[in-house]
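Spelled out from the first residue to the last, the chains are:
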Protein chains: 2
Amino acid sequence: MRDINEMLVRRGYLWQSFEIYGGMAGFVDYGPLGNGLRRSLENLWREYFVINERAIEIDTPTIGIEDVFIASGHASSFTDVAIECESCGKIFRADHYIKEKLGIETEETAEFVREVLSTYNLKCECGGRFKDPENFNLMFSTTIGPGKGKPGYLRPETAQGIFINFKRIADYFRDKLPFGVCQIGRAYRNEISPRQGVIRLREFNQAELEYFTHPGNKKHPLFKKYNNLKIPLVDKNDVEHNITLREAVEKGIIAHELLAYFIGKTADFLIRAGIKKELLRFRQHKDDERAHYAVDCWDAEAKTSYGWIEIVGIADRGDYDLTRHKKYSKEDLSIFISYDNPIIRKVKKVIPKMSELGPTFRGKAKKIANALENYSGEIGESIELDVDGERIKVERKFFDVVETEEKIFGERIVPHVIEPSFGLDRITYAILEHSFDKDVVDGEERYVLRLKRWMAPVQVAVLPLLSKEPFTSKAEEIVQILKNSGFFTERDDSGSIGRRYRRYDEIGTPFCVTIDHQTFEDSTVTIRDRDTTEQVRVKIDELPNILRSLLVSERDIKEFGERFR
Amino acid sequence: MRDINEMLVRRGYLWQSFEIYGGMAGFVDYGPLGNGLRRSLENLWREYFVINERAIEIDTPTIGIEDVFIASGHASSFTDVAIECESCGKIFRADHYIKEKLGIETEETAEFVREVLSTYNLKCECGGRFKDPENFNLMFSTTIGPGKGKPGYLRPETAQGIFINFKRIADYFRDKLPFGVCQIGRAYRNEISPRQGVIRLREFNQAELEYFTHPGNKKHPLFKKYNNLKIPLVDKNDVEHNITLREAVEKGIIAHELLAYFIGKTADFLIRAGIKKELLRFRQHKDDERAHYAVDCWDAEAKTSYGWIEIVGIADRGDYDLTRHKKYSKEDLSIFISYDNPIIRKVKKVIPKMSELGPTFRGKAKKIANALENYSGEIGESIELDVDGERIKVERKFFDVVETEEKIFGERIVPHVIEPSFGLDRITYAILEHSFDKDVVDGEERYVLRLKRWMAPVQVAVLPLLSKEPFTSKAEEIVQILKNSGFFTERDDSGSIGRRYRRYDEIGTPFCVTIDHQTFEDSTVTIRDRDTTEQVRVKIDELPNILRSLLVSERDIKEFGERFR
């Protein structure tokens, strides 16, 4: 772990933010390679969860107004319990501190923490006593505009920006369910005392899909693709199942097919991105862990040097979010579902007989007639009506009953939402750990980052054998060809060729292209494979096409040219 | 303008943020089409300013700690003057209010505003008096961590995240100038009372390149590409020049070649993205408008319904930023420039004669000898030295002078930085305005968004002539082919074919592919061009390649198939 973290900083993957000013926990900088890797991840995610779903991507502000978070519940419930030392003033997140010192899992309430502190007489590391525990809201707050302004918060998730736009979005899809809406962007959580590097960030990157569906239709036409996928499923009772997704749905372990579809698709995506299958599992939230409104929730977890860490959450949030925003905004966030064929319903209608009503009820007759016309309850030998607060029993002789047909064209429903929510920073980090490797080449130990070829931030390195003309000009010429073909390309002419290969092995560049003496004789170069260290010689003309084939697949380099040593 | 803004909302380009809660000025939501267009813009920008420069992209937090902004000057100087009405409590940005009411350009100081208010007896719109004007800092502030925490600010520009990483970045480039570093992301400005929609946002999107160069080398090897480019240049005296960039450098209108290079490249980029050349100009900052540290600064301006608006700023910021962070962080942010050949300098060295010094100076002799050895000034018949605060004149007989050679391998310098800074929201909006058009087709008026083909958020719409089988299945089949080929594709089968064409004309989709009866006879479809409304018939097999050729060029559709009516 020390090896990889040292490499990540030194080679430009991840840097400590504000380093020259002493740093600040909970923030990370993406250097050029980290940024490239995370962008690859985002693009792959788009391919899976936007382009290949009936889904769109939107982009809403990171600052939100207070109304949004009152409705969503974050203003009141997005809290951790904080404990502050009376002596040294240090503040800890109560559940983490108690877990660390006492090994106890803590409920997230001030009451529970208060009890634990007193029962175990738990003190601060400095020996001081803790003040009374307090709920600390984890949203970063700010003020919009001058003077007192308006309260604003940095969004704790991208999802709310989707829910509050539901009307516009439904309009875009012409009210036809199901549809998905995603956002990729920053979210924030003002952690009390984050201490796990990129694993617990105060500012992080999310990719969230909100997949809106008819409450009565939690299926997906493409589920068959993942029907037979087996991936460890740890249920809410901590029992691990190694069965197919289809079986897990049938046995009721996963609540429904649509959740199972997104579990399958998530696994597929993560493995394609470079998470090792054997270090991946899905874990169901326990009953006391799941949000009260969630029907079922599964986390994808990756095993890293920090243990099993949550990298994706997949929840059925029901109609909670839309219903809350509907209530607080007073806007209608339901959609009208037309039936394929209108339903025809036979209804009985009451027709008042004025000729009978008049003489009997006199001044009240008109009002009673109105009430009869609007009556929609059971029709017996008499009808009881409320007229101006008075209860009146109207006998059968005062009205006729006729039977008519009513056409019902559809119904208004509030869709349910299934949310796969991805923590891009943690996934990026887990990919780096899972790819980091050490082996021995030609008797020499080397570090090698076995990133998937399509994920690598530097796809090709162009290396002139010697750092002088005409090698360097030829290298630059080839760099231009490759850049124009859309490859992320670097040129490097400093140090021995062996040292340069090691450098690109270490950052995960899948292919090095070397210009040697023979290049000037027959317009060929060598391509070297990072993983096998095999080399083949190919024509410069064919280089872009060969690299293109190699970079989207795991094909063997030896298919493309004569082996070279 | 009303036409376009109505369309942008209705069709999913730009939405008012927090609309269901009454909205909030200074924020905008990108709907699916707006998001697609802005992402295309970002990718084009990367192609121009990262991939095709010696440049990298990094990604640093949007929240910054206070130290950063004390050093950058934002904590003290990133302010506007605010005036608040005593009666109604409304707060205005002073310079805008004074400009609007009195037509006077205002200096950005509270003193000046105070004077204007009293001289003109300027009142609030409600008739009330203004309180004393105040400087309002435009950074959104927040608190990091619980309790009193640490002050944090939302970054007012992405640039500072680059400057504070300078050491890591220089390391990545192995100290070899010039190099560029960019960020694409959110920045924030807590505007006092924004009222111009997407033109004046509190949360906006920037793409900034910081191009670090040797202070003595403000040239670019590719300037020849823009040598002869003519684009209106309005200098700081409001004189417009219609000369080539080369001439503008030679005449001293633009400070140096490197700035001119980025002006040329920016113009090239903007036009490629869809800004109309005839609605684009570059305007030099006036002496009192330019930041005190900037050597020269040019804004790209686009003409829109809001008048000429700044969409890009290109400044030579000198060594200001690095020097400030160097001073405040006490880190060495210079880099060592090796000379190609070490410079050899003859130096005279003083060698003390202890045999003479001892008897004369006794106890002080040792210290005088030391001082002589370290002496580096002029050497005459005597040398004056400070020894323990005492001034001592040492005659020639007490020392020898020998001449030696010293090799100087290089020098430490603080690079200068040229910064092209792009406002992506304004550029996106200007592109939309410049593309929006109305014409008459077959005697019917239509709206058409003439986006560049490579920028369109929906590149292809697939339309079954009839909304029934087998047309719909065939349409879905073609959609899958096109999605797999990487095109942003939509399918639409609702409404008459003519109405669907109009819909895609309006959102700027360059090509519609129609499945008609003949499709089932000979496996062909028609492609319709948005701008000319011409149609050609092509083989389905060839569709992806034809679309690919069309989408990266402005080639005529008639090159690719037989005309169809």
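Residues numbered from 1 in each chain as written. Chains lettered and ligands numbered in written order. Predicted model: local features only at pLDDT ≥ 70, side-chain atom pairs only at ≥ 80, totals over all residues. Heavy atoms only, no water.

Caption draft 1: How the structure looks around the sheet that holds strand β5 (residues 79-84) of chain A. All names here are of chain A. The strand order across the open sheet built from three strands is β6-β5-β7, with neighbouring strands paired in antiparallel fashion. What marks the edges here is a single partner per strand, and that holds for β6 (91-93) and β7 (134-137). Between one strand axis and the next, the sheet turns by 45° as a mean value, whatever way the strands run. Examined bridge by bridge, β5 and β7 share four bridges and lie antiparallel to one another. Across the sheet, residue valine 81 finds its bridge partner in β7, namely asparagine 135. (Pairing = 2+ DSSP bridges. Helix = DSSP H or I, 4+ residues; strand = E, 2+ residues; numbered from the N terminus. Axes fitted to C-alpha atoms, helices over the stretch in contact; angles between N-to-C directions.)

Caption draft 2: Representation of the pattern of salt bridges. Enumeration according to the criterion identifies 133 salt bridges over all chains in this entry. Linking aspartate 59 of chain A and arginine 186 of chain B is a salt bridge whose minimum nitrogen-to-oxygen distance equals 3.2 Å. Of this pair, aspartate 59 of chain A sits in the loop between β3 (55-57) and β4 (63-65) while arginine 186 of chain B sits in strand β10 (residues 179-188), which puts the two residues in different chains. You can call aspartate 59 of chain A buried: its relative accessible area is 2%. A salt bridge links glutamate 19 of chain B to arginine 168 of chain A; the nearest nitrogen and oxygen atoms lie 2.6 Å apart. Placement of glutamate 19 of chain B in the loop between β1 (14-16) and β2 (28-30) and of arginine 168 of chain A in helix α8 (residues 166-172) is noted, with the two residues assigned to different chains. Take arginine 168 of chain A: its relative accessible area is 25%, and that puts it in the partly exposed class. Through salt bridges with shared partners, a single network forms among Asp437, Asp439, Glu444, Arg446, Arg450, Arg502, Asp505, Arg528, Arg530 and Asp531 of chain A. (Salt bridge = Lys/Arg side-chain N within 4 Å of Asp/Glu carboxyl O. Buried < 20%, exposed > 50% of the residue type's maximum accessible area, 1.4 Å probe, protein only.)

Caption draft 3: Spotlight on the packing of helix α12 (residues 354-361) of chain B against helix α13 (residues 365-374) of chain B. Residues and elements named next belong to chain B. Running from N to C, α12 and α13 point in directions that differ by 135°, and their axes come no closer than 8 Å. Regarding the angle of α12 to α13, the classification is oblique. Here the hand of the crossing between α12 and α13 comes out right-handed. On the side of α12, the interface is formed by Met354, Leu357, Gly358 and Phe361, while α13 contributes Ala365, Ile368, Ala369 and Leu372. Across the contact of α12 with α13, the residue classes tally to seven nonpolar, one polar and no charged. (Parallel < 35°, antiparallel > 145°, perpendicular 65-115°, else oblique. Left-handed = near helix turned anticlockwise from the far one by under 90°. Contact = heavy atoms within 4.5 Å. Nonpolar A, V, L, I, M, F, W, Y, C, P; charged D, E, K, R; others polar.)

Caption draft 4: The packing of helix α2 (residues 32-51) of chain A against helix α14 (residues 424-435) of chain A, seen in detail. Residue and element names in this part refer to chain A. As a packed pair, α2 and α14 sit with axes 10 Å apart at the nearest point and diverge in direction by 115°. Between α2 and α14, the crossing angle belongs to the class labelled roughly perpendicular. The element α2 and its partner α14 pack so that their crossing is right-handed. Note on element contacts: α14 touches α2 through Leu424, Asp425, Ile427, Thr428, Ile431 and Leu432, opposite Leu37, Arg38, Leu41 and Glu42. In terms of residue class, the contact of α2 with α14 is built from six nonpolar, one polar and three charged.

Purely spatial values, then, with no claim about function.
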